[in-house]
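Descriptive structure summary
So the chains spell out like this:
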Amino acid sequence: MKPDQSQKPPLSKWVDKLLGWLVAPHLREEVLGDIHERYARRVQRLGERKARLTYWREVLAYARPSFITRKPSPYSTPSYTDMLRNYLKIAFRNLIKQKGYSFINIAGLSVGMAVAMLIGLWIHHEYSYDKFLPDYQQLYQVRRNFNSNGDTLTFTTTSLKLADALRYQIPEVEQVAESDHMGSHGLKVGDKKIYLNGAQIGGDFLQMFQYPLVEGKASLALKDPYSIVLTESTAKALFGSENPMGKIVRFDNQNDLKVTGILKDLPTNSSLQFNYLVPFSYYEATVNNVRMDRSGSFGNNGYQIFVKLKPGASYAQVSNKIALIQHTERNNSNAMNSVVILQPLQNWHLYSTYQNGKETGGFIEYIRMFSVIGILVVLIACINFVNLTTARSARRAKEVGVRKSVGSQRQQLIGQFLIESFLLTVVAFLFSLLLMQILLPAFNSLTESQIAIPYTTAGFWMAVLGCLLITALLAGSLPAFYLSSFQPVKVLKGTMQVGKAASLPRKVLVVAQFSCSIALILSAIIVFKQIQHAKNRPTGYDVNRLLMTNMNLELSQNFTVLKDELIKNGIAEQVSQSSSPATDIWWHSDLDKWPGKNAGETVELGVILVAKDYFKTVGMTLAQGRDFSGENDTTSVIFNEAAIKRFRLPNPIGQLITWQGKPLRIVGVAKNALMQSPFTKADPTMFVCTSFPLNVLLYRISPRLTTQEALSKMTALFNTYNPSYAYSYQFADESYAAKFKQESLIGKLAGIFAGLAIFISCLGLFGLASFMAERRTKEIGVRKVLGASILNVWGLLSKEFVYLVGIAFLIATPVAYYLLSNWLQKYEYRTEMSWWIFALTGLGAMVVTLLTVSFQSIKAALLNPVKSLKME
């Protein structure tokens, strides 16, 4: 019997609820009806109080198994796992059923995710520089901001006096290590000779920079001036499998050094790269000038200084104390115009550009640029998924209608479509891992890094999971909300029409996709053009077949006879030496006086000490005056055109200048040469002749010999006149080409990623063209019956895509122009962004678009109209 609401006991609502919960559902209605009816009769017969007591007794009496036991439901109740399994099953069936579209989606996403992960790993590698060192936050390099007539120039060269001032005057500084500029030296053990880069560095260095030591102690390894610390690979090259500790290495064929430590080989993400360490005290003990510089002035800037601050101390605390620490030498214009600053170790790799004395950029700009590119490539791939899914939405409309009719909620449908998106993303991720594993060796070779996929790192998988979820949401959200919005009545009645407005978001996404791709292509072309522009710039000297070898004592002693042998035997046509290589300037200095100098005016110019025949050897020409007459022409000086312009000298020949207290007469003006950056103006430079041994031997191979023949003969000659060292050399053209290394890498990466972006975009376009041709099969058949040609059908199917790509080009052009103009501004010598580059890019994008959609258009146009009409 149904419960009568009027017969309910007034104070027992919660008792009714208890009874409803206690009694099995199939008995609940009957039990409640009976107990309420009996209660009403007892109230009339026995009174309310007794009726209530009886009511309570009967409620308790129902607590029996026969009333509590539930009857099994004839209908199954699906759990969440059942629903999930069902969603996955449907998603998998859709993947199999629509092989072509699944392939396009998975291929696009795989490539996009592989690109994004490669960029991500590369960025992580670049950010990881030096962070493997304990206390890296407390390590700094000392720099100088030099005021040159209002322009602030930042240098890493500092003085030994400054090192001592920081060591003894700044309480927050815990340790200081001075260093040379880490050049090459000869190491010899028995008959084994190697020539490698190393550092002569302060004794506290290994306690500050805690590179892992395999043998020895950091506090003792560099204490003895005649000691040396080797890396593992250097030790193996010299001693093979023997234990090198305590053994002797002949250093520069001058002194024997005892091996006091073995370092693990430095990782590629270390800013400092060296193969051995020699105590700086050895440098001071064996080179008089270094020893004198220790007690010299702040102006003797020829060294590097590294400092470690005490725990808890920050740069902000010491910046004011060290800034003017050199301003005690009132008569030293170099010291008085310099402000001392520190650059943290963690910024060395990414921030190398200083403007107005502050770090403003460097490699970090490219890191940011490629971060954006990685995101754009994934977005372009996601747009393919969104477009293809929404375009084919009509085919799943009935499924949505049926599901809604049998009770599915909209959020359940959204969940289903998002799970499909996630499944597709996971499959694409697995393929992207495979693709990345295949491409990684080539990528490492290109970027000169040793990046590996960190399969065993939890952080990597957490990042991957996060990216998977974001990608699945980006790709699946719009289709999920769009498909789940269908009204079941319209769908099942067949009255639902997908209007033109429904395709508008798809068109917008295609335009966005191609805008990004065209902008990336324009960027790659401009970067490539800028590199070529600088490469084609006249260098001012001839780098072809010009070789450079670092001098040493033995080579200096045998220089004259070696030069004679090289020329007499027809191996070299010119030989000379200088204080800097042909492709660099190692020394900058100021002039004391020059004609027309204003009071307080300074000029920072490069200084190159040269020997006889320097200009002939490097192929530099003189615009005015004469060459040095010989090695004893030490009272003459030659400037380049940039220096003469800087001095404002209309008739420089014969004028007197004073440099380091010594009067010099200008005898010639050399044409400008690009010895430093090929992207900037030529540095003002002075050339001074000297008879003393210099740093670099320069020699040009004779045109009568091939390079291999010349190298073979030169190896024999160098082994005769420089037997203590392994013969080493560097081609000037390779050294000059290395100046483009960073820009070349960026250009190659930009080109590759732009190509992949346009490939992914075309994949999506191919899928859309295929869908449109399939949807309009009947229309094409009718048109052909009525006389339409193949060209008409091709134009019908292609014009929409051409229209969209044209809009994308109009959007991408001004954006790319603005961004690339800003990028080019950082180069003093830069290319122009000619109009034809943009026109050619637009034309190329149009051609690629037509090629992509033409396959489907022509395929549809060639279809027999009878079959087309039957298919519908």
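For the structure itself, consult the block above.
Residues numbered from 1 in each chain as written. Predicted model: local features only at pLDDT ≥ 70, side-chain atom pairs only at ≥ 80, totals over all residues. Heavy atoms only, no water.

1. Considerations on helix α21 (residues 559-568)
Residues of α21 that are buried: Phe 559, Leu 562, Lys 563, Glu 565 and Leu 566. The buried side chains of α21 occupy one side of the element, clustering within an arc of 165° when seen end-on. α21 presents Thr 560 and Lys 568 as exposed residues on the side facing more than 90 degrees away from its buried surface. A positive backbone phi angle near 70° is found at Gly 570, which sits one or two residues after α21. (Buried < 20%, exposed > 50% of the residue type's maximum accessible area, 1.4 Å probe, protein only. Helix = DSSP H or I, 4+ residues; strand = E, 2+ residues; numbered from the N terminus. Arc of directions from axis to C-beta.)

2. Here we look at the side chain of Thr 425
Along the chain, Thr 425 turns up in helix α16 (residues 410-447). With a relative accessible area of 0%, Thr 425 lands in the buried category. Ignoring any residue separated from it by four or fewer positions in sequence, one finds Thr 425 in contact with Leu 109, Met 113, Leu 468, Thr 471 and Ala 472. (Contact = heavy atoms within 4.5 Å.)

3. A word on helix α12 (residues 315-323)
Of the positions making up α12, those classed as buried are Val 318, Ile 322 and Ala 323. Relative to the axis of α12, the buried residues are bounded by an arc of 130° and lie together on one face. Along α12, exposed side chains directed more than 90 degrees from the buried face belong to Ala 316 and Asn 320. The elements touched by buried residues of α12 are α7 (160-169), β12 (304-309) and β13 (338-344).

4. A few points about the pairing of strand β4 (residues 184-189)
As judged from the six bridges shared by β4 and strand β5 (residues 192-197), these two strands associate in the antiparallel manner. Of the residues in β5, the one forming a bridge with His 185 is Leu 196. Taken together, β4 and the strand that follows it, β5, pair antiparallel across an intervening segment of two residues, in which Gly 190 is found at a positive phi of about 60°. Relative to strand β9 (residues 248-251), β4 runs antiparallel, the two sharing two bridges. Bridging from a neighbouring strand, Lys 188 pairs with Arg 250 of β9. (Pairing = 2+ DSSP bridges.)

5. Notes on the pattern of salt bridges
Between side chains of opposite charge, pairing is possible as soon as their charged atoms come close. Taken as a whole and judged by the stated rule, the model has 24 salt bridges. Across the salt bridge formed by Glu 365 and Lys 826, the nearest N and O atoms sit 3.4 Å from each other. One end of the pair, Glu 365, is in helix α14 (residues 363-391); the other, Lys 826, is in the loop between α28 (790-824) and α29 (835-862), and 461 residues separate them in sequence. Here Glu 365 falls in the partly exposed class, since its relative accessible area comes to 30%. Of the residues examined, Lys 826 reaches a relative accessible area of 39% and is grouped as partly exposed. The salt bridge involving Glu 800 is made with Lys 507; its shortest N-O contact spans 4.0 Å. You can see Glu 800 sitting in helix α28 and its partner Lys 507 sitting in helix α19 (residues 504-535), a full 293 residues away along the chain. Look at Lys 507 and you get partly exposed, because its relative accessible area is 29%. Among the charged side chains, a salt-bridge network with shared partners connects Asp 164, Arg 167, Glu 178, Glu 284 and Arg 294. (Salt bridge = Lys/Arg side-chain N within 4 Å of Asp/Glu carboxyl O.)

6. Some points on the packing of aromatic side chains
A complete count under the given rule lists 42 aromatic pairs for this structure. On the basis of an interplanar angle of 70° and a centroid distance of 5.7 Å, the ring pair of Tyr 39 and Tyr 55 is categorised as edge-to-face. With Tyr 39 in helix α2 (residues 25-46) and Tyr 55 in helix α3 (residues 48-61), this residue pair connects regions lying 16 residues apart in the sequence. In textbook terms, an aromatic cluster arises when at least three aromatic residues are bridged by ring pairs, as seen for Phe 132, Phe 205, Phe 209, Tyr 211, Phe 274, Phe 306 and Trp 348. The ring of Phe 298 is capped by Lys 161, whose NZ or CZ atom sits 4.7 Å from the centre of that ring. A cation over an aromatic ring shows up here: Lys 535 above the ring of Phe 740, its NZ or CZ 5.7 Å from the ring centre. (Phe/Tyr/Trp six-rings, centres within 6.5 Å; stacked < 30°, edge-to-face > 60°. Lys NZ or Arg CZ within 6 Å of the ring centre and 35° of its normal.)

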